[in-house]
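Each chain is listed here by its residues.
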Amino acid sequence: MGEGAEPPRAGSGAFSAAAGGPPSADAGDDRLIGVLALQGDFEAHARTLRAIGASVREVRVPADLAGLDALVIPGGESTVMTLGIEREGLAEPLRELVRSGAPVLGTCAGLIMLDREHLGVLDVVARRNAFGRQLHSFEADLEIEGVDGGPVHAIFIRAPWVAETGPEVRVLASVDGHPVAVRQGNVFAISFHPELTGETRLHRLLL
Ligand code: GLN
């Protein structure tokens with residue numbers, strides 16, 4: 001995410017027009033969902049999660065992971081996020097949360113953080129900035145397996161794609177033959193930014 005890019009807020013036209021209908025107040029059932037808040041567009045995820053009724057905690061240090069029902073790792077700059085995770089000693093606590101079975105959603109740089117070469121909890125290799133210079137950023141309507149109610153309007157910003165997948169990984173959507181949404185058990189990872197369009201169906205998977 002570029003600095004200063006302000007995503008639409010809950011209550012804007014974009015939000016209420018989103019597929020999936022208006023958020024119902026009790027949809028989150030008081031689940032406590034963490035958003036890794038070292039860097040990147042964590043505030044937009046927090047707004048999306050609150051809009052579907054979840055309680056949100058920004059995660060900056062290992063103690064913030066205690067008692068979470070689920071976690072979002074946002075988009076941003078994977079190099080900066082990696083340094084933050086190292087600095088705060090978050091790598092092993094994050095792996096433990098995934099191993100505990102808590103649902104985790106990684107978006108864009110968040111997908112990269114989950115892969116074999118980073119946290120190693122998702123058996124894929126992500127290729128950074130994979131769509132290349134010509135396709136720096138683009139939008140697409142994607143049918144995603146397991147997400148009902150029509151295509152998801154997906155915004156890609158210097159997005160990765162999944163270059164390799166292990167046997168346990170299910171590809172849920174692709175662009176030009178390259179996986180951009182995958183799932184392995186409780187781990188979901190997507191190359192795009194649902195938190196910028198008012199789309200709530202991906203976040204609802206965490207509830
Ligand atoms: N290009 C970024 C990276 O490689 C990811 C971009 C994003 O999260 N929107 O870290």
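Our subject is the structure listed above.
(A) Broad picture of the overall build of the chain. Within the chain, the secondary structure is distributed over six helices and 11 strands. Burial statistics for the chain: of 207 residues in total, 46% are counted as buried. The contacts in the chain between residues at least 6 apart in sequence include a share of 72% that link residues at least 24 apart.

(B) Summary view of the site of the ligand. Close to the ligand lie 12 residues; Gly-75, Ser-78, Cys-108, Ala-109 and Arg-158 are nearest. Partitioned by chemical class, the residues of the shell around the ligand number five nonpolar, four polar and three charged.

(C) A look at the nonpolar core. Of all hydrophobic cores here, the largest spans 59 residues; its most connected members are Ile-33, Leu-71 and Leu-114. Per-element accounting of this core gives the leading share, five residues, to helix H5 (residues 109-114). Beyond its immediate stretch of four places on either side in the chain, Leu-114 contacts Ile-73, Gly-106, Leu-119, Val-121, Leu-122, Val-187 and Ala-189.

(D) Focus on the sheet that holds strand S2 (residues 55-59). An order of S2-S1-S3-S4-S11-S10-S9 is seen for the seven strands of this open sheet, with the pairing classed as mixed. For this open sheet the edge positions go to S2 and strand S9 (170-175), each flanked by a neighbour on one side alone. Strand after strand, the sheet turns through a mean of 20° between neighbouring axes, direction not considered. Both strand S1 (residues 32-36) and S2 contribute to a ladder of five bridges, which runs parallel. Residue Val-35 lies in a different strand from S2, and its bridge partner there is Glu-58.

(E) Structural view of the pairing of S9. Bridging between S9 and strand S10 (residues 178-184) involves five bridges; their strand directions are antiparallel. From the neighbouring strand, Val-175 faces S10, where its bridge partner is His-178.

(F) Spotlight on unusual backbone geometry. Even without being glycine, Asn-129 reaches a positive phi, approximately 45°. Tracing the sequence through the fold places Asn-129 in the loop between strand S5 (124-127) and strand S6 (137-142). The class of Asn-129 is partly exposed, set by 14 C-beta atoms lying within 10 Å. Positive phi, close to 50°, is recorded for Asp-176, a residue that is not glycine. Overall, the presence of 9 C-beta atoms within 10 Å leaves Asp-176 in the exposed class.

(G) Fine view of the environment of Val-80. Mapped onto the elements of the fold, Val-80 is located in helix H3 (residues 78-88). Its 13 C-beta neighbours within 10 Å are what place Val-80 among the partly exposed residues. Residues Val-80 and Gln-39, spaced 41 residues apart in sequence, show a C-alpha to C-alpha distance of 7.3 Å.

(H) Broad picture of helix H2 (residues 42-51). The element H2 is largely enclosed, with a buried count of seven among its 10 residues. Burial in H2 covers these residues: Phe-42, Ala-44, His-45, Ala-46, Thr-48, Leu-49 and Ala-51. Buried-residue contacts for H2 involve S1, S2, strand S3 (70-73) and helix H6 (201-204). Residue Gly-53 follows H2 closely and has a positive phi angle near 95°.

(I) The environment of Leu-135, seen in detail. Secondary-structure assignment places Leu-135 in the loop between S5 and S6. Look at Leu-135 and you get partly exposed, because 14 C-beta atoms sit within 10 Å. In this structure the C-alpha to C-alpha distance between Leu-135 and Phe-156, which are 21 residues apart in sequence, comes to 9.0 Å.

What counts as what
Residues numbered from 1 in each chain as written. Predicted model: local features only at pLDDT ≥ 70, side-chain atom pairs only at ≥ 80, totals over all residues. Helix = DSSP H or I, 4+ residues; strand = E, 2+ residues; numbered from the N terminus. Buried ≥ 20, exposed ≤ 12 C-beta atoms within 10 Å, placed from the backbone. Contact = placed C-beta atoms within 7 Å. Near = placed C-beta within 6 Å. Nonpolar A, V, L, I, M, F, W, Y, C, P; charged D, E, K, R; others polar. Core = buried A, V, L, I, M, F, W, Y, C linked by C-beta atoms within 7 Å. Pairing = 2+ DSSP bridges. Axes fitted to C-alpha atoms, helices over the stretch in contact; angles between N-to-C directions.

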